[in-house]
Amino acid sequence: MYALVDCNNFFVSCERTLDPELDNKPVVVLSNNDGCVVSRSKEAKDLGIPMAAPAFKYKELFKKHDVQCFSAKFELYNFKSQRVIEISKAYVDKTDFEVYSIDELFLDLKSFKYINIYDYCVKIKDEINEQENIPVSIGIAPTKTLCKVANRIVKEFPDKFNGVYILDTSEKIEKALKWLNIGDVWGIGRRLAVKMKDNGVFKAWDLLQKPEMWVRKIMGIQGVRMVNELKGIRQLELDAPSPKKSIAVTRSFMEMLTKKEEVRERVETFGMYCSERLRKQNTCCKMVTVFVQTNRFRKDLPEYRKAMTRILPNPTNSSILIGRVVNELFEAIYKEGFHYKRAGVFVNDFVPEDQRQISLFEEDTQNQHLPVMKAMDAINKKFGKDKVRLGSMSGQNTFGRAKLSPEYEAFLKNNTLPEANFRFH
DNA sequence: TCTGGGGTCCTAGGACCC
DNA sequence: TCTGGGGTCCTAGGACCC
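This one's a predicted model, so the numbers in the text were calculated from it and none came from an experiment.

With respect to the UniProt feature "domain: UmuC" (unreviewed entry) in chain A
Next up, step 1: Within this numbering scheme, the UniProt entry marks residues 2-189 as carrying the feature "domain: UmuC" (unreviewed entry).
Next up, step 2: Segment residues 2-189 splits into 42% helix and 20% strand. End C-alpha atoms: 23 Å apart.

Pasting the structure below:
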């Protein structure tokens, strides 16, 4: 069996560890720029605040019900995430876990044949709660997809299951799938949910009644795997941690930017963050993409969006070399006369730092840069982000963070934060 | 006025090869 | 002029996840 440990409304729960006064009150956490809702307490959900709700649309509601709003504090969430992972993984053999996202991890319970795994998971849940003050739900099942189902059941019936549910017998599975809406199955997004309903598939169970050919046609190979997983036939193993295959740094700006130099400064900064992350995992990239775009919601202003990609003659992770390319691409796509709202830099097509294939014809200065870059990283790690930076960076954050609490300032002072170590999906 | 950010995987179709 | 059949690799875009 697998177990999925999932933190309940994680970002909000992290906020509550800083301020217990927030317990039992409606709380939301907002994205960068305080743009939209990314985490909601149960009380906030009950008020009808949807996920990803644009904050400005709900201002009145927030006020009326005294909803507590916070800007996202990723240093804090990463820190708490690490703690939850440390506690959970101590309950299984060395590699029998997979960190799935910042607030979820799978455990492989295969080595526990003679203990009651339900009780065991209750212990995990209780320890996380006692040590870290983070409430979690644990779903246990033979496949990852069914773990997700079990987890949803835990969250849906909190009084009934006390945080842990085990989905093991075929009777229980059938009952669960007849209850679960098709749109809530792991891997069914908005698009597929519509297609499913058009074809009379409303519950997860209905999907299992469809012929394999149909599933294959509508959903591709993923669909066939999904059906098997729902039947309890394992298709997905736990993944070992792996280096990233692409890295992106993108931001919406607090204000729309109309000056070329302001936008340039932003994308160059994004390029440098990409380079830092590349060095952190000891890889070089062979491709760099830059994009800029206007505010797509402002129908009264002319819209413009453009992206451009460059394939590099020599793979690199030097901030200077990547910055140079970013700048050239920026020059090629930037057009005067627009109000820019968002921009970003992507890097992909990675090779390990020590396995670079060098072009015969282009000069390669990566190795000259590397020692300086690594020194820069070391200094920044010791003394703080952006303490040493390129001359092209302003060193200022141009996104807003209105609502930092005093508790959080204290947290930043008193804690040494570990590096983030989880995969996004 | 104000609408997030960072990832992965799969597929179809084009380019190219013999 | 007409024109086959089989394969691989790459890429852009779609769909999904948290």
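Brief notes about empty space enclosed by the protein
Next up, step 1: Summed over all chains, the structure comprises two cavities of 30 Å³ or more.
Next up, step 2: Here the largest cavity defines a volume of roughly 40 Å³.
Next up, step 3: Lining the largest cavity we find Cys7, Ser81, Val84, Ile85, Val99, Ser101, Ile102, Asp103, Glu104 and Leu105.
Next up, step 4: Residue assignment for the lining of the largest cavity shows that the elements contributing at least two residues are α4 (74-89), β5 (97-101) and β6 (104-108).
Next up, step 5: In terms of residue count, α4 provides more of the lining of the largest cavity than any other element does, three residues in total.

A closer look at unusual backbone geometry
A negative phi angle is the norm for most residues apart from glycine, just as the trans form is the norm for most peptide bonds.
Next up, step 1: Although it is not a glycine, Asn33 sits at a positive phi angle of roughly 65 degrees.
Next up, step 2: Relative to the elements of secondary structure, Asn33 occurs in the loop between β2 (27-30) and β3 (37-40).

Section: the packing of aromatic side chains
Next up, step 1: Applying the stated criterion across every chain yields a total of 18 aromatic pairs.
Next up, step 2: With a centroid separation of 6.2 Å and 45 degrees between ring planes, the pair formed by Phe106 and Trp186 is classed as tilted. Here the residue Phe106 occupies a position in strand β6, and Trp186 occupies one in the loop between α8 (170-179) and α9 (190-198), the gap between them amounting to 80 residues.
Next up, step 3: Judged by its relative accessible area of 0%, Phe106 falls in the buried class.
Next up, step 4: Residue classification places Trp186 among the partly exposed positions, given a relative accessible area of 25%.
Next up, step 5: Consider the rings of Tyr304 and Phe338, whose centres lie 4.9 Å apart with planes at 15 degrees: the pair is stacked. Here the residue Tyr304 occupies a position in the loop between β10 (283-294) and β11 (305-316), and Phe338 occupies one in the loop between α13 (319-333) and β12 (340-352), the gap between them amounting to 34 residues.
Next up, step 6: Take Phe338: its relative accessible area is 14%, and that puts it in the buried class.
Next up, step 7: Here the aromatic residues Tyr304, Phe330, Tyr334, Phe338 and Tyr340 are joined through ring pairs into a cluster of three or more.

Notes on the sheet that holds β6
Next up, step 1: Spatially, five strands are ordered β5-β6-β1-β7-β8 in an open sheet, and the strand pairing comes out mixed. A strand with exactly one partner marks an edge of an open sheet, and here the two such strands are β5 and β8 (164-166). In this sheet, neighbouring strand axes are inclined to one another by 15 degrees on average, regardless of whether the strands run parallel or antiparallel.
Next up, step 2: With six bridges connecting them, strand β1 (residues 2-7) and strand β7 (residues 136-141) associate as antiparallel partners. Looking at the pairing, Leu4 lines up with Gly139 of β7.
Next up, step 3: Here helix α5 (residues 117-132) sits on the sheet in contact with β1, β6, β7 and β8, set at roughly 160 degrees to β7.
Next up, step 4: Strand contacts of helix α6 (residues 144-156): β1, β5, β6, β7 and β8, with the helix running at about 135 degrees to β7, the strand carrying the most contacts.

Topic: helix α14 (residues 366-383)
Next up, step 1: For α14, built from 18 residues, the straight-helix expectation of 26 Å at 1.5 Å per residue is met to within 8% by its first-to-last C-alpha distance of 25 Å.
Next up, step 2: Looking at α14, one finds that the buried residues are Gln366, His369, Leu370, Met373, Met376 and Asn380.
Next up, step 3: Buried residues along α14 sit against α12 (260-280), β10, β11 and α13.
Next up, step 4: Positive phi shows up at Gly384, right after α14, with a value of about 120 degrees.

What about the confidence of the model for chain A?
Next up, step 1: Scored by pLDDT, chain A has a mean of 90; 92% of the residues are at 70 or more.
Next up, step 2: Low pLDDT, under 50, characterises residues 398-402; the stretch is placed with 14 contacts to residues that sit more than four places away or in other chains.
Next up, step 3: The model gives residues 416-425 a pLDDT under 50, and that stretch makes 26 contacts with residues more than four places away or in other chains.

Describing the nonpolar core
Buried together is how nonpolar side chains tend to be arranged in soluble globular proteins.
Next up, step 1: Ranked by internal contacts, the top residues of the largest apolar core, which has 39 residues, are Tyr77, Leu107, Leu109, Ile138 and Ile140.
Next up, step 2: Among the elements that line this core, the one with the most residues is α5, at six residues.
Next up, step 3: Not counting the four nearest positions on each side in its chain, Ile138 is found in contact with Ala3, Leu4, Val5, Cys121, Ile124, Lys125, Asn151, Val154, Gly163, Val164 and Tyr165.

Observations regarding the state of the cysteines
Next up, step 1: Per the stated rule, a full pass over the model turns up zero disulfides.
Next up, step 2: Here Cys36 is not disulfide-linked; the sulfur of Cys69 is the nearest cysteine sulfur, at 12 Å.
Next up, step 3: In this structure Cys147 is not part of a disulfide, and its nearest cysteine sulfur, from Cys121, lies 9.2 Å away.

A short note on the pairing of β1
Next up, step 1: Most of β1 sits inside the fold, with six of its six residues counted as buried.
Next up, step 2: A two-sided burial pattern is seen for β1, the buried positions comprising Tyr2, Leu4 and Asp6 on one face and Ala3, Val5 and Cys7 on the other.
Next up, step 3: Here β1 pairs with β6 via five bridges, running antiparallel. Bridge pairing in β6 links Leu4 to Phe106.

The rules we used
- Residues numbered from 1 in each chain as written.
- Chains lettered and ligands numbered in written order.
- Predicted model: local features only at pLDDT ≥ 70, side-chain atom pairs only at ≥ 80, totals over all residues.
- Heavy atoms only, no water.
- UniProt positions renumbered as here; feature names shortened; annotations may be inferred.
- Helix = DSSP H or I, 4+ residues; strand = E, 2+ residues; numbered from the N terminus.
- 1 Å grid on protein atoms, 1.4 Å probe; cavity = no way out; pocket = protein on both sides within 12 Å on 5 of 7 lines; lining within 4 Å.
- Points joined across faces, edges and corners; volume = space filled by probe spheres on them.
- Phe/Tyr/Trp six-rings, centres within 6.5 Å; stacked < 30°, edge-to-face > 60°.
- Buried < 20%, exposed > 50% of the residue type's maximum accessible area, 1.4 Å probe, protein only.
- Pairing = 2+ DSSP bridges.
- Axes fitted to C-alpha atoms, helices over the stretch in contact; angles between N-to-C directions.
- Contact = heavy atoms within 4.5 Å.
- Expected span 1.5 Å × (residues − 1).
- pLDDT = per-residue confidence, 0-100.
- Core = buried A, V, L, I, M, F, W, Y, C linked by side-chain atoms within 4.5 Å.
- Disulfide = S-S within 2.5 Å.

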